[in-house]
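Below are the chains, spelled out letter by letter.
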Amino acid sequence: FFMSNKIKIDTLIVSDIHLGLDLSRPKKMLEAVEKYEFEKLILNGDIFDSFNFKRLHSEHWNVLSRLREISRKRKVIWVNGNHDGPVGPLASLLGVKVYSKYVWRSNNKKFIAIHGHQFDRFLHKNIFISKVAIFIYKIIQRFDTKSKVIFHWVQNNNKRWLRMSKAVMKGAFLYAKLNRADYIFCGHTHISKHTVSGKINYYNSGSLTASPSSYITIKDEEIKIIEVE
């Protein structure tokens, strides 16, 4: 009889795919969903870079087509990100439910998935500057060498970037505490991370634009950040 060689997990979490962006890595998304046998797929925000279908390449459409196939057999949750826009009609076509946050329980533990832009105060107070920073970020990614030396230096040393990452993590911990959650998962920062504060675990799934890209797998209470080149 047929034996699947896929890795069995409970939940796969991906974020910041940014379909429509030239730097998006849709193949990595497709590789991830084919590698694992999961019960639940959580799209934790910024699946689109902007809600402009004209910017979608054929590989980007392949991702949407695959999501529709997956949603027929398994649960697919779309947590809205700050880039996604009004995804309700599209989500309905894909058979996917949209949430501002998604809460679930497993083994008497409470889990929350939320994109994380809600905790980025700089983004809300400085919309114009944030848009300029995003524009520069995209240029650096596009014209940097394959080794991405400049891009990684900016991520690791840019004070604005690091402050934003810390602000999202800090806000996520407070949000989890107020909602009595044991685990909270964010995206938005494009920096994969796991930190513990008290009894709360914070995870960030990174992105599927940079190299290495990253996503999260959950099996029981074994949670892993997976990086792929």
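Computed from a predicted structure; not experimentally measured.

S.K.: Tell me what's going on with the overall build of the protein, and back it up with residues and numbers.
M.R.: The helix and strand tally for the protein stands at 7 helices and 13 strands. Burial status across the protein gives 48% buried among its 229 residues. Residue pairs in contact within the protein that sit at least 24 positions apart in sequence constitute 66% of those at least 6 positions apart.

S.K.: Tell me about unusual backbone geometry, and name the residues and values.
M.R.: Note that the residue after Ser211, namely Pro212, is joined by a cis bond; omega there is 5°. Tracing the sequence through the fold places Pro212 in the loop between strand S11 (200–204) and strand S12 (213–219). Although it is not a glycine, Asn107 sits at a positive phi angle of roughly 50°. Looking at the secondary structure, you find Asn107 in the loop between strand S7 (102–106) and strand S8 (109–113). Look at Asn107 and you get partly exposed, because its relative accessible area is 46%.

S.K.: Lay out the sheet that holds strand S9 (residues 183–186) in plain terms, naming residues and giving numbers.
M.R.: The pairing of strands in a sheet happens through backbone hydrogen bonds and is either parallel or antiparallel. A sheet is described by the order of its strands in space; here 5 strands give the open sequence S7-S8-S9-S11-S10, paired in mixed fashion. In this open sheet, the two edge strands, each paired with only one partner strand, are S7 and strand S10 (193–197). Each strand axis lies, on average, 20° off the axis of its neighbour in the sheet, ignoring direction. In this structure, S7 lies alongside S8, joined through 5 bridges in antiparallel fashion.

S.K.: Quick rundown of a nonpolar patch on the surface? Include the residues and the values.
M.R.: On the surface, a cluster of nonpolar side chains totalling about 280 Å² of accessible area is made up of Phe51, Phe53 and Trp61. For Trp61, the position within the fold is in helix H2 (residues 58–71). Exposure remark for Trp61: the relative accessible area of 39% places this residue in the partly exposed category.

S.K.: Now, about the pairing of S10: what can you tell me, with residues and values included?
M.R.: One ladder, built from 5 bridges, connects S10 with S11; its direction is antiparallel. Each residue of the ladder has a partner; that of Lys193, found in S11, is Asn204.

S.K.: I'd love a proper account of the packing of aromatic side chains, names of residues and values included.
M.R.: Under the criterion given, the structure shown has 13 aromatic pairs. With 5.6 Å between their ring centres and 55° between their planes, Phe53 and Trp61 make a pair best called tilted. Pairing Tyr102 with Trp104 gives two aromatic rings, centres 5.4 Å apart and planes at 25°, and the pair type is stacked. By relative accessible area, Trp104 is classed as buried at 9%. Cluster of aromatic residues (ring-pair linked, three or more members): Tyr99, Tyr102, Trp104, Phe111, Tyr183, Phe185 and Tyr203.

S.K.: Would you mind going over the pattern of salt bridges in detail, with residue names and values included?
M.R.: Taken as a whole and judged by the stated rule, the model has 7 salt bridges. For Lys27, the salt bridge goes to Glu59, with nearest N and O atoms at 3.6 Å. Highlighted residues: Lys27 in helix H1 (residues 26–35) and Glu59 in helix H2, separated in sequence by 32 residues. We classify Lys27 as exposed; its relative accessible area is 51%. Residue Glu59 is classed as partly exposed on the basis of its relative accessible area of 31%.

About the thresholds
- Residues numbered from 1 in each chain as written.
- Predicted model: local features only at pLDDT ≥ 70, side-chain atom pairs only at ≥ 80, totals over all residues.
- Heavy atoms only, no water.
- Helix = DSSP H or I, 4+ residues; strand = E, 2+ residues; numbered from the N terminus.
- Buried < 20%, exposed > 50% of the residue type's maximum accessible area, 1.4 Å probe, protein only.
- Contact = heavy atoms within 4.5 Å.
- Pairing = 2+ DSSP bridges.
- Axes fitted to C-alpha atoms, helices over the stretch in contact; angles between N-to-C directions.
- Patch = residues over 30% accessible without salt bridge, like charges linked within 9 Å, V, L, I, M, F, W, Y side chains within 5 Å.
- Areas by Shrake-Rupley, 256 points an atom, 1.4 Å probe, with all protein chains shown as cover.
- Salt bridge = Lys/Arg side-chain N within 4 Å of Asp/Glu carboxyl O.
- Phe/Tyr/Trp six-rings, centres within 6.5 Å; stacked < 30°, edge-to-face > 60°.

All we've got here are geometric facts, nothing functional implied.
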